[in-house]
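Remarks on the overall topology
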Amino acid sequence: MGSTRYDLDARYDRASKAGYGTKSAGEIFTQNAKRMAHESMNPHGISFRESRDSEVHPHSVPIILGLDVTGSMGHIPHELIREGLPKLMGGIIQGGVPDPALLFLGIGDHECDGYPLQVGQFESGDEELDMWLTRTYIESGGGGNAGESYLLAWYFAAFHTRTDAFEKRGQKGLLFTVGDEPCLKTLSASAIREIMGKGQQTYTHFELLEEAKKKYEVYHISVLHSDQALRADRGWKELLGQNCISIADHREIPNVIKGIICDKFKNQSFGTTGTGGLDQFQML
């Protein structure tokens, strides 16, 4: 996946025709009416999602964005499809990283929700990224168990992704989770089997974080829109240190991610081929 370019003009034209700026979340995220995850995003039986280099993108940079889609965070995907996603992808490319490959994850609560993990594909093109984002089921679940399953993003990244960046260049990808709750502390073998189709080992969140760190730089964006979120933020700071970024306004999510990625690669030369349409972003 990821062999197409992000075309900002085409994206704005398509978004206008699709009514992304005016339609409600329910009108855009049609899985909500069906009350179930899209079959293509069901992780059951998935072996790997792959980020591979191509002629168009010879220096692919794998980026995983795990979005909390429980009740208090369900508006974030709507904001991303309205304005945030083109800001994110355009900003990364304009910032000198021409070959980003973005994978969306929908994160819920594996102790309470029917669909605690939804999985897209690594993509670089505007149409493909919009497709995966709008396929996401905003379950709006969660429970009173003092946390959400952000550790599922770490599990999937560690054991179910393969990237040329890491395998060919020894270069870690970037993994971001976004939410306002603490991370649940345990992922049982039975939960893994139910979600993925197989699983023999129970993991703590510490163990999964360390596994994910082998192939990814791991970040959490903590959205501080409630007293509960403020309390959760303290735990994330203890867990991730400076890799926990706290924001009061969820509209800053694209700027935060763009800034981290561009800073990481600011001294790296990607050459002159496969620019992924970099020139079109110079006036953003």
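**What about the overall build of the protein?**
Within the protein one finds 11 helices and 10 strands. A globule of 284 residues ought to have a C-alpha radius of gyration of about 19 Å, and the protein, at 18 Å, matches this closely. If one aligns the C-alpha atoms of the protein with their principal axes, the spans along those axes are about 50 × 45 × 35 Å. Pairs at least 24 residues apart make up 81% of the contacts formed inside the protein by residues separated by at least 6 positions. With an accessible surface of roughly 12,000 Å², the protein has 47% of that area assigned to carbon and sulfur atoms. Of the side-chain charges in the protein, 29 are positive and 38 negative, and the distance between the mean point of each set is 2 Å.

**What about the packing of helix α1 (residues 8-18) against helix α5 (residues 126-135)?**
Between α1 and α5, the shortest axis-to-axis distance is 9 Å and the interhelical angle comes to 40 degrees. Judged by the angle between their axes, α1 and α5 are oblique. Together, Ala10, Arg11 and Arg14 of α1 and Asp126, Glu127 and Asp130 of α5 make up the contact between the two elements. Its residues assigned to classes, the contact of α1 with α5 shows one nonpolar, no polar and five charged.

**A closer look at the pairing of strand β3 (residues 100-107)**
A large share of β3 lies buried, amounting to eight of its eight residues. What you see with β3 is no split at all: Pro100, Leu102, Phe104 and Gly106 on one side and Ala101, Leu103, Leu105 and Ile107 on the other are buried throughout. In the sheet, strand β2 (residues 61-68) pairs with β3 via eight bridges, with the strands oriented parallel. By the bridge assignment, leucine 65 is partnered in β3 with phenylalanine 104. Once the chain exits β2 it traverses helix α4 (residues 75-94) before rejoining the sheet at β3, and the crossover so formed is right-handed.

**Section: the nonpolar core**
The tendency in soluble globular proteins is for nonpolar side chains to be buried side by side. Leu65, Leu85, Leu102, Phe104, Leu174, Phe176 and Ile261 are the most contacted members of the largest nonpolar core, which totals 43 residues. Beyond its immediate sequence surroundings of up to four residues, leucine 102 is in contact with Ile63, Leu65, Leu85, Leu88, Met89, Gln121, Phe122, Glu123 and Leu129. In this structure, Ala101, Leu103, Phe156 and Ile192 belong to the second largest nonpolar core, which totals 35 residues.

**Considering the sheet that holds strand β4 (residues 117-119)**
Reading across from one edge, β4-β3-β2-β6-β9-β10 is the order of the six strands in this open sheet, with mixed pairing throughout. Here the strands that pair on one side only, and so sit at the sheet edges, are β4 and β10 (244-247). Adjacent strand axes in the sheet meet at a mean angle of 20 degrees, parallel and antiparallel pairs treated alike. Each of β2, β3, β4, β6 (173-179) and β9 (216-223) is contacted by helix α6 (residues 151-159), which is oriented at about 160 degrees to β6, the strand it contacts most.

**Some remarks on unusual backbone geometry**
The backbone of arginine 35 shows a phi angle near 55 degrees, a positive value even though the residue is not glycine. Relative to the assigned elements, arginine 35 resides in the loop between α3 (31-34) and β1 (49-51). Of the residues examined, arginine 35 reaches a relative accessible area of 64% and is grouped as exposed.

**Topic: the packing of aromatic side chains**
As enumerated under the stated definition, the model contains seven aromatic pairs in all. On the basis of an interplanar angle of 85 degrees and a centroid distance of 6.1 Å, the ring pair of tryptophan 154 and tryptophan 236 is categorised as edge-to-face. Remark: tryptophan 236 occurs in helix α10 (residues 227-240) and tryptophan 154 occurs in helix α6; sequence separation between them is 82 residues. Residue tryptophan 236 is classed as buried on the basis of its relative accessible area of 2%. These aromatic residues form a ring-pair network of at least three members: Tyr150, Trp154 and Trp236. It is arginine 135 that lies over the ring of tryptophan 132; its NZ or CZ is 5.0 Å from the centre.

Reading guide: rules and limits
Residues numbered from 1 in each chain as written. Predicted model: local features only at pLDDT ≥ 70, side-chain atom pairs only at ≥ 80, totals over all residues. Heavy atoms only, no water. Helix = DSSP H or I, 4+ residues; strand = E, 2+ residues; numbered from the N terminus. Rg over C-alpha atoms; globule rule 2.2 N^0.38 Å. Contact = heavy atoms within 4.5 Å. Areas by Shrake-Rupley, 256 points an atom, 1.4 Å probe, with all protein chains shown as cover. Lys, Arg positive; Asp, Glu negative; His and termini not counted. Charge placed at Lys NZ, Arg CZ, Asp CG, Glu CD. Axes fitted to C-alpha atoms, helices over the stretch in contact; angles between N-to-C directions. Parallel < 35°, antiparallel > 145°, perpendicular 65-115°, else oblique. Nonpolar A, V, L, I, M, F, W, Y, C, P; charged D, E, K, R; others polar. Buried < 20%, exposed > 50% of the residue type's maximum accessible area, 1.4 Å probe, protein only. Pairing = 2+ DSSP bridges. Right-handed = clockwise from strand over helix to strand, strands pointing away. Core = buried A, V, L, I, M, F, W, Y, C linked by side-chain atoms within 4.5 Å. Phe/Tyr/Trp six-rings, centres within 6.5 Å; stacked < 30°, edge-to-face > 60°. Lys NZ or Arg CZ within 6 Å of the ring centre and 35° of its normal.

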